[in-house]
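The chain contents come next:
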Amino acid sequence: MITGKVNPTQTLEAQGISGVAQIYYNYQEAALVQASINRGESELGKGGTVLVSTGKHTGRSPKDKYVVREPSVEDSIWWDNNAPMSPEHFETLYQDMLEHVKGGELFVQDLFGGADPAYRLNVRIINEMAWHNLFARHMFRRPSLEELDDFVPGFTVLNCPSFKADPARHGCRSETIIAVSFERKLILVGDSEYAGENKKGIFSVLNYLLPDQGVMPMHCSANHAKDDPENVAIFFGLSGTGKTTLSADPNRVLLGDDEHGWSDTGTFNFEGGCYAKTISLSAEAEPEIYATTEKFATVIENMVYDPHTKELDFEDTSLTANMRCAYPLDYISNASKTSQGGMPRNIIMLTCDAFGVLPPIARLTPAQAMYHFLSGFTSKVAGTEKGVTEPQPTFSTCFGAPFMPRRPEVYGTLLRDKIAQHGATCWLVNTGWTGGAYGTGSRMPIRATRALLTAALNGSLNDADFRRDPNFGFEVPVSVAGVADLLLDPRRTWDDPKAYDVQAAKLVEMFADNFAQYTDHVGDDVLAAAVSAA
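Residues numbered from 1 in each chain as written. Predicted model: local features only at pLDDT ≥ 70, side-chain atom pairs only at ≥ 80, totals over all residues. Heavy atoms only, no water.

Draft legend 1. Quick peek at the packing of aromatic side chains. According to the stated counting rule, one finds 25 aromatic pairs in the structure shown. Aromatic pair Phe135 and Tyr275: ring centres 4.9 Å apart, planes at 75°, arrangement edge-to-face. One end of the pair, Phe135, is in helix 3 (residues 130–139); the other, Tyr275, is in strand 17 (residues 273–277), and 140 residues separate them in sequence. We classify Tyr275 as buried; its relative accessible area is 7%. (Phe/Tyr/Trp six-rings, centres within 6.5 Å; stacked < 30°, edge-to-face > 60°. Helix = DSSP H or I, 4+ residues; strand = E, 2+ residues; numbered from the N terminus. Buried < 20%, exposed > 50% of the residue type's maximum accessible area, 1.4 Å probe, protein only.)

Draft legend 2. Spatial organisation of the environment of Ile234. With respect to the helices and strands, Ile234 occurs in strand 13 (residues 228–236). Looking at Ile234, the relative accessible area reads 0%, which means it is buried. Taking the C-alpha atoms as reference points, Ile234 and Gly473, 239 residues apart in sequence, are found 23 Å from one another.

Draft legend 3. How the structure looks around the sheet that holds strand 2 (residues 22–25). Spatially, nine strands are ordered 1-2-7-8-9-11-10-5-6 in an open sheet, and the strand pairing comes out mixed. In the strand order of this sheet, the two ends are held by strand 1 (2–4) and strand 6 (83–85), each with one partner. Taken over all neighbouring pairs, the strand axes of this sheet differ in orientation by 20° on average, direction set aside. Of the strand pairs in this sheet, strand 8 (residues 121–127) and strand 9 (residues 155–160) are connected by five bridges, and their pairing is parallel. Paired with Ile125 across the strands is Val157, a residue of strand 9. Strands strand 5 (65–68), strand 6, strand 7 (105–113), strand 9, strand 10 (177–181) and strand 11 (186–190) of the sheet are contacted by helix 2 (residues 87–101), whose axis makes an angle of about 65° with strand 11. Seen against the sheet, helix 3 touches strand 7, strand 8 and strand 9 and runs at an angle of roughly 10° to strand 7. (Pairing = 2+ DSSP bridges. Axes fitted to C-alpha atoms, helices over the stretch in contact; angles between N-to-C directions. Contact = heavy atoms within 4.5 Å.)

Draft legend 4. Structural context of the sheet that holds strand 21 (residues 324–328). Taking strand neighbours across the sheet as the criterion, the five strands line up as 3-4-18-21-17 in an open arrangement whose pairing is mixed. What marks the edges here is a single partner per strand, and that holds for strand 3 (43–44) and strand 17. Of the strand pairs in this sheet, strand 17 and strand 21 are connected by five bridges, and their pairing is antiparallel. From the neighbouring strand, Tyr275 faces strand 21, where its bridge partner is Ala326.

Interpretation note: all reported values are geometric properties and have no functional meaning in isolation.
Structure below.
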C-alpha cells in the first residue's frame, strides 16, 4: 500500500523495489513523530521532541564503508582512503537487502542536497525506521509539494538497520555495511541505527561530484555578517571541534553547521538542518542550540533522560559522549532563509589540539593555509567514532578524510585557487587544550575563542601586533582586547616551559612525518611553509 505524495512515475516499484507491504512517501514532521512513537522506536520528549537510542552504534563506522570499484571511477577514487567493493558483491548485497525488506514497511523522503539549485542533488532516502526518515527530513533540504510532482531521484540511500551483512557473501569486514555505487547512484546501509550514516553518505557523493563542476565541497560550518551576506566566514573542522557552536553566533547569520560548497558565485549549504553535539550543552553558553532540545520534532539521539519528567541530562555520557540533537535550520532564529552567501572573506581552520601546544588563534599565509588544510591536524573527540573514548591526536586531510572519495590534492588545489582568486584571510583556531596536554591542561575557554573570532571576522585583529611562532612559523597576536595575554602564548600557560618544548617538538615531528605523503603533489610555496623536525 502507498500513502503520501510522490511522483507517480518514480515509485519504489519503478526503481525495482517490490513486495513491500506499506510505503509512506514524504510524510511531514507530525506524521513521522507519531509513526515513530506508535512503532515503539522512540519516546515523546519535552516540547514534542523525539527521544531515541541507536543501540550498539553511537557513531559512524568508517571501517565498514566501501566504494564499488567500477570502470567510471576506477582512476578518480582515492583507494588508499576508500575500501573497494566489487560490483558483484554489491549486486548480491543489494538483492539480499531487497529480499529483506519484502513484506515490511518503508518510509521514503524525496529531498535536495544543496541550497543552490545550480548544483543541488536530488536525493531519495529510504528508511526502515520512521525516526530515521524524520532525521533525513531535518538534515536535507525539503522540496515544495509542487516540486515533488516531478521529482526524479538522482541518488538513493536504502538504510536497513535490521539487515546484517555477511562478510563472506558480501565481501565486507563485518555485519555492518555502508556501500556506495557511483554508477548505480545508490548507497546501501545495514546494521547501524546511527542516523549520521544517512547524511554522511550523500556528503561523500557530493564530495565526488562537485569538483568536476568547479565547486569546492567543504566539511565546514558557515555564517555571514548580519548586514552583509557577501561577508562570509567558513569554519573547517572535524566533529567536536566547534563548527556548530562557533558558527551559531547570534551576531551573524547562520548558513549551516557542517557541509557547504564554494562555487564561482558564492557559498551554499548542502543541508537543511543541524546535527549538534549536546554534551555539556547549556542555556547560558549556547542558548539557541539548547532551545532546540525542547522544540517539536527535534530528534534527541542517545541522551540519558528522566523517565517521568523527560528532563535531559547533558552531562551523563553513559550511552555515549556523542549525544546529539537534529533539527531544521529555521529553529535557529538567525539562520539564513536561503542558506546562500557570497565568497568567504575569512577561512577558519578549527583544530582540537590534545597536546596543548597550539595557540588559540594564528594567522596563516595562503601557503600555510594550504599546508594546514592538507595536514588536517585535530583530535578525534570521544564518541564521534565507535571505540573512541578519549581525544586522540590525528591527521584528517582536508578536515574530513572519511568523506573524501578523491585524492586530497584535488580539494587542496580548489581551495588554494579560490583563496588566491578572492583574497580570503585564513586563521588557525585551537579549541583544544591549554596549560598542558589532555589530562593535565584545561579546555580552551569558549569565551576567549569567541572574542578572538569576533576580532578576526570584524577585521580588528589584523591591526594587532603579531609574533612569529618558533615552531610553526605562523603569526600569533600578542594582545587582544578581552583575552588574557597569557593565553595567547601557550608556552607561558604551562607550569613547566621545558615540558612544553618537548611536547611542541613531538608535535612538529608528527606534522613533518604526516606531510611527507604530500611533498610530491604540492608547489614550492607550500613546501616552504611546511614545518620540519629538528
